[in-house]
Amino acid sequence: MYTKKNVVAMLLAGGQGSRLYALTKNVAKPAVPYGGKYRLIDFPLSNCTNSGIDTVGVLTQYQPLVLNEYIGNGQPWDLDKMNGGVHVLPPYESQAGASWYEGTANAIYQNMNFIRRYDPEYVVVLGGDHIYKMDYSKMVDFHIANDADCTISVIDVPLAEASRFGIMICDEQNKVIDFVEKPKEPKSTLASMGIYVFSWKKLEKYLIENENDANAKRDRGEKWSKDFGKDIITSMLRDKQRLFAYEFEGYWKDVGTLDSLWEANMDLLSPSVPLDLYDPSWKIYSRSNYMPPQYIGSNARVENSMIAEGSSVDGSVDFSILFDGVTVEEGATVDYSIVMPGTVIKSGAVVEYSIVGSDCVIEGGVHIGKSPEQVENRDDWGIAVVGHNVTVSGGKSVEPKQIIGENI
């Protein structure tokens, strides 16, 4: 017997994150390290806890091992509950057969029995790969106050970037009157953040309809999809359901590319960016490795950087983020870079404007990345990337925009 919950959250964490290339070769995108001690999934999980949502389904699919291990029983986020808590929900085989998740809507459809256990009034649907702080309870209150069937969180984006997002057109009361997925000529700058609140009975109806309709189209050889933006939202608009846009104000970053991941980390070192990881009223929780304190040697030079526990620095580090257990030997230089857990930067190596994955060895004489000023044609510049568990041998170089996934 399960206790009824007012709100259940469903967190879509099965994405491959193919545009992060070597960094997601063996790791699901929501498990990508961020900010010295976190992973991307820490943000929606912490937001749920801080918002008073204690029942969360995490839908995994691509390379789930690290993510499943990291979430564990949910204890770091206070989600290790006897009734509710966090549940990892991979695809499974039923009497009807086995199937991978075939889209965001299908992923929720396949787990409707999990939601039905708790008989909620509302379901919050979240992505697992965005960086932001948000009180979902306020969004649920907004949903209730407007007697909405679906509420979509939106953020105002520059017109030049609007074509990258699903765009909402709203009336004066923020009621959604049209939705266009990645329009070539946007009529609005209100971009969907991929965060939804649904009245459960209404969502259940549209998930079943979409599943049946898409399967019928597939059987006829027609084009089909099982997606929230393309199918659920557009169907609800077609049927004149009550959809509202909830305007979010604050820091929000979609880290879908290597450049955006680098920028999101660098943002933490900027005093003008309104993402405060030190705010005691809205903590971002994570699973700790319980390592010893950081060590900064007498000959080290560290400026405007984040150095996580267990790191040992004897070289030069400027405007960079070092994760736990990183070693920077004397004579090594790290500038404007992200160095993920367990990596060793040996004496004589230079790492600048780069992302270096976990458990790498960067040997002496290696040069990874360049500053924009060192590149003659600005279009040729970009972040250099070294994937996880890679050794870069002495004397080798990794150029701007180059991505290394194997030992060189």
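Structure: above.
Residues numbered from 1 in each chain as written. Predicted model: local features only at pLDDT ≥ 70, side-chain atom pairs only at ≥ 80, totals over all residues. Heavy atoms only, no water.

J.: It is not clear to me how unusual backbone geometry should be interpreted in this structure. Could you clarify?
T.: One can expect most non-glycine residues to show negative phi and most peptide bonds to be in trans. Its identity as a non-glycine residue notwithstanding, Asp119 has a phi of 45°, on the positive side. Following the sequence through the fold, Asp119 ends up in the loop between helix H4 (112–118) and strand S8 (122–127). Of the residues examined, Asp119 reaches a relative accessible area of 36% and is grouped as partly exposed. Of note in the backbone geometry, Phe319 takes a positive phi value of approximately 45° without being a glycine. For Phe319, the location among the structural elements is in the loop between strand S20 (316–318) and strand S21 (321–322). The buried category is assigned to Phe319, whose relative accessible area is 18%. (Helix = DSSP H or I, 4+ residues; strand = E, 2+ residues; numbered from the N terminus. Buried < 20%, exposed > 50% of the residue type's maximum accessible area, 1.4 Å probe, protein only.)

J.: What should I look at first to understand helix H8 (residues 258–267) in this one?
T.: Every α-helix winds through 3.6 residues per turn, so residues three or four apart in the chain are directed the same way. Counting buried residues in H8 gives eight out of 10 residues, a clear majority hidden from the surface. Taken as a whole, H8 has its buried residues at Leu258, Ser260, Leu261, Trp262, Ala264, Asn265, Met266 and Asp267.

J.: What should I look at first to understand the packing of aromatic side chains in this one?
T.: Centre-to-centre distance and the angle between the planes together describe a pair of aromatic rings. Tallied over the entire structure, the rule returns 16 aromatic pairs. Aromatic side chains Tyr132 and Phe248 sit 6.4 Å apart centroid to centroid with 85° between the ring planes, which places their arrangement in the edge-to-face category. Note that Tyr132 is positioned in strand S9 (residues 130–132) and Phe248 in the loop between strand S14 (243–247) and strand S15 (252–254), a separation of 116 residues in sequence. Residue classification places Tyr132 among the buried positions, given a relative accessible area of 0%. For the pair Phe198 and Phe228, a centre-to-centre distance of 5.5 Å together with 35° between the ring planes defines the contact as tilted. Highlighted residues: Phe198 in strand S13 (residues 190–199) and Phe228 in helix H7 (residues 228–238), separated in sequence by 30 residues. Residue Phe198 shares its accessibility class with Phe228, and that shared class is buried. One aromatic cluster in this structure is built from Trp262, Phe319, Tyr336, Tyr353 and Trp381. The side chain of Lys205 reaches across the aromatic face of Tyr206, ending 4.2 Å from its centre. Over the ring of Trp224 we find Arg218; its NZ or CZ atom is 4.4 Å from the centre of that ring. (Phe/Tyr/Trp six-rings, centres within 6.5 Å; stacked < 30°, edge-to-face > 60°. Lys NZ or Arg CZ within 6 Å of the ring centre and 35° of its normal.)

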